[in-house]
Amino acid sequence: MEASEAKSKKQGASRLCCLCNQRRPVLKRPKTLQQICKECFYEVFEEEIHQVIVKNGLFKSGERVAIGASGGKDSTVLAYVLSELNRRHSYGLDLFLLSIDEGITGYRDDSLETVKRNELQYGLPLQILSYKDLYGWTMDDIVKMIGLKNNCTFCGVFRRQALDRGAALLKVDKLVTGHNADDIAETVLLNILRGDIARLSRCTSITTGEDGPIPRCKPFKYTYEKEIVMYAYFKKLDYFSTECIYSPNAYRGFAREFIKDLERLRPRAILDIIKSGEDFRIATTTKMPEQGTCERCGYISSQKWCKACVLLDGLNRGLPKMGIGRARGGANGDHHKETKKPASAGRSLESKQCGSLDF
């Protein structure tokens, strides 16, 4: 009888949260495989992000910070957690939501409704910029012209530049994005597969663009995608969960599936890949692209014309595939005899026609 009671107590204890040893566990953390309760999960999830922010000195008191908000799980959780941490730890930040409307019917129009609700829920001002207003094209228009292959190239280049312009309009000091550990591990693999040494050397940086007008930060650099989903689910956050209708054929999807397979075998594989990317060293004899400014718009570029200018020019000429693929030498601008005079380096982002693909 006593042995039976002791066994029952032992089984009961094993079913308690391994952190507080008081409440029943409701989940197994993907990162550590610990069985923990909701309350402890919230605490460790938020504290890990706080420590990343503090140890990397991501913000300074009084800064204006824009949160890239798509309405998806990553940006919604980022907006919620950053708002909470800003209040709890007195960061002293002025936070804003910045959304880009790519013009994808049935996808972005619906997700922007979520962002508008988040604006009210979190009390954060919202700025929305559209591809149509910035470039005269929507992604629906571009896909009609080019098809489903390579459309992500256009969207990625234009979206990055649109975020820069939106951040400039808001006059912020920093732009934060919801890129998580899975995203960064995927990018490391993609840059290795592409042999892209320039991007490989900086894709794991938690802050990029420090030499430009508006640095970008990734507070979720070490945060697993599964844990972001769990946090949003248990907190009952309002987010949009549908995938982009044009992304199933994206090259990144292959890297994503490979990362998921590795995670199933060994959860720490994601962090190990990021660590490998951080430890890469480029030989001093390797010739790296020299950053300059686009002759057409004055934005940062290693070619005569930045990638966005080349893509937009191709669209306007009816030659959308003209800018697809890696630029060589200075070819991006060599066939454009009518290029404008170089713009002043100090010209404001608000007046720029386009940006560069500078991840």
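Residues numbered from 1 in each chain as written. Predicted model: local features only at pLDDT ≥ 70, side-chain atom pairs only at ≥ 80, totals over all residues. Heavy atoms only, no water.

### Things to note about the side chain of Glu 186
Consideration 1: Examined against the element boundaries, Glu 186 turns out to sit in helix 8 (residues 181–194).
Consideration 2: A relative accessible area of 1% places Glu 186 in the buried class. (Helix = DSSP H or I, 4+ residues; strand = E, 2+ residues; numbered from the N terminus. Buried < 20%, exposed > 50% of the residue type's maximum accessible area, 1.4 Å probe, protein only.)

### Structural notes on the pairing of strand 4 (residues 94–101)
Consideration 1: Most of strand 4 sits inside the fold, with six of its eight residues counted as buried.
Consideration 2: Here strand 3 (residues 64–68) pairs with strand 4 via five bridges, running parallel. The residue of strand 4 that forms the bridge with Gly 68 is Leu 98.
Consideration 3: Traced from strand 3 through helix 3 (residues 73–88) to strand 4, the parallel crossover comes out right-handed.
Consideration 4: Pairing between strand 4 and strand 5 (residues 126–130): five bridges, direction parallel. Along strand 5, the bridge assignment pairs Leu 98 with Gln 127.
Consideration 5: Taking the sense of rotation as the criterion, the β-α-β connection linking strand 4, helix 4 (residues 108–122) and strand 5 turns out right-handed. (Pairing = 2+ DSSP bridges. Right-handed = clockwise from strand over helix to strand, strands pointing away.)

### A look at the UniProt feature "binding site: ATP" (unreviewed entry) in the protein chain
Consideration 1: Taken from the UniProt record, the annotation "binding site: ATP" (unreviewed entry) applies to Gly 68, Ala 69, Ser 70, Asp 74, Ile 100, Gly 178 and Asp 183.
Consideration 2: As for its position among the elements, Asp 74 is in helix 3.
Consideration 3: In contact with Asp 74, other than residues within four places in its own chain, are Gly 178, Asn 180, Asp 183, Phe 220 and Ile 228.
Consideration 4: With respect to the helices and strands, the residue Gly 178 is situated in the loop between strand 6 (174–176) and helix 8.
Consideration 5: In contact with Gly 178, not counting residues within four places along its chain, are Asp 74, Leu 78, Asp 183 and Phe 220. (UniProt positions renumbered as here; feature names shortened; annotations may be inferred. Contact = heavy atoms within 4.5 Å.)

### With respect to the sheet that holds strand 8 (residues 216–217)
Consideration 1: If you trace the six strands from one edge of the open sheet to the other, you get 5-4-3-6-8-7, paired in mixed fashion. In the strand order of this sheet, the two ends are held by strand 5 and strand 7 (207–208), each with one partner.
Consideration 2: Here helix 3 sits on the sheet in contact with strand 3, strand 4 and strand 6, set at roughly 155 degrees to strand 3.
Consideration 3: Here helix 4 sits on the sheet and contacts strand 4 and strand 5; the angle it forms with strand 4, its principal contact strand, is near 165 degrees. (Axes fitted to C-alpha atoms, helices over the stretch in contact; angles between N-to-C directions.)

### Looking at the side chain of Glu 63
Consideration 1: Mapped onto the secondary structure, Glu 63 falls in the loop between helix 2 (38–55) and strand 3.
Consideration 2: Residue Glu 63 is classed as buried on the basis of its relative accessible area, which comes to 11%.
Consideration 3: Here Lys 60 takes part through its backbone nitrogen, which lies 2.9 Å from a polar atom of the side chain of Glu 63.
Consideration 4: Polar contacts involving the side chain of Glu 63 include one to the side chain of Lys 174, which spans 3.2 Å.
Consideration 5: Apart from the residues within four sequence positions on either side, Glu 63 is in contact with Leu 58, Gly 92, Leu 93, Asp 94, Asp 173 and Lys 174. (Polar contact = N/O pair within 3.5 Å; in protein donor to acceptor, adjacent residues only side chain to side chain.)

### Details of the packing of aromatic side chains
Consideration 1: Taken as a whole, this structure holds 14 aromatic pairs when the rule is applied.
Consideration 2: Geometrically, the ring pair formed by Phe 41 and Phe 45 is tilted, given 5.7 Å between the ring centres and 50 degrees between the ring planes. Separated by four residues within a single helix, Phe 41 and Phe 45 lie in helix 2, roughly one turn from each other. Exposure class is identical for Phe 41 and Phe 45. Each is buried. (Phe/Tyr/Trp six-rings, centres within 6.5 Å; stacked < 30°, edge-to-face > 60°.)

### Here we look at the pattern of salt bridges
Consideration 1: Summed over the entire model, instances satisfying the criterion amount to 27 salt bridges.
Consideration 2: Ionic pairing is found between Glu 225 and Lys 73, a salt bridge with its closest N-O pair at 3.2 Å. Separated by 152 residues along the polypeptide, Glu 225 in helix 10 (residues 225–235) and Lys 73 in helix 3 bring together distant segments of the chain.
Consideration 3: Under the relative-accessibility criterion, Lys 73 is labelled buried at 18%.
Consideration 4: The salt bridge involving Arg 256 is made with Glu 186; its shortest N-O contact spans 3.4 Å. One end of the pair, Arg 256, is in helix 11 (residues 252–265); the other, Glu 186, is in helix 8, and 70 residues separate them in sequence.
Consideration 5: Connected through shared salt-bridge partners, Lys 73, Asp 74, Asp 182, Glu 225 and Lys 260 make up one network. (Salt bridge = Lys/Arg side-chain N within 4 Å of Asp/Glu carboxyl O.)

### Re the nonpolar core
Consideration 1: In this structure, Val 77 and Tyr 231 are the most contacted members of the largest nonpolar core, which totals 41 residues.
Consideration 2: At the level of secondary structure, the elements contributing two or more residues to this core comprise helix 2, strand 3, helix 3, strand 4, helix 4 and helix 10.
Consideration 3: Counting residues per element, this core draws most heavily on helix 2, which supplies eight residues.
Consideration 4: Discounting residues that sit within four places of it in the chain, Tyr 231 has contacts with Phe 41, Tyr 42, Phe 45, Glu 46, Val 77, Tyr 80, Val 81 and Leu 237.
Consideration 5: Counting 40 residues, the second-largest nonpolar core is a separate cluster that includes Leu 98, Ile 104, Trp 137 and Met 139. (Core = buried A, V, L, I, M, F, W, Y, C linked by side-chain atoms within 4.5 Å.)

### Looking at helix 10
Consideration 1: Along helix 10, the residues that are buried comprise Glu 225, Glu 227, Ile 228, Tyr 231, Ala 232 and Phe 234.
Consideration 2: Buried residues along helix 10 sit against strand 1 (27–28), helix 2, helix 3, helix 8 and helix 11.
Consideration 3: A positive backbone phi angle near 55 degrees is found at Lys 236, which sits one or two residues after helix 10.

### Some words on the state of the cysteines
Consideration 1: Within the structure shown, the criterion is met by zero disulfides.
Consideration 2: Free of any disulfide, Cys 244 has its nearest neighbouring cysteine sulfur in Cys 155, separated by 6.5 Å.
Consideration 3: Taking relative accessible area as the criterion, Cys 244 reaches 17% and is therefore assigned buried. (Disulfide = S-S within 2.5 Å.)

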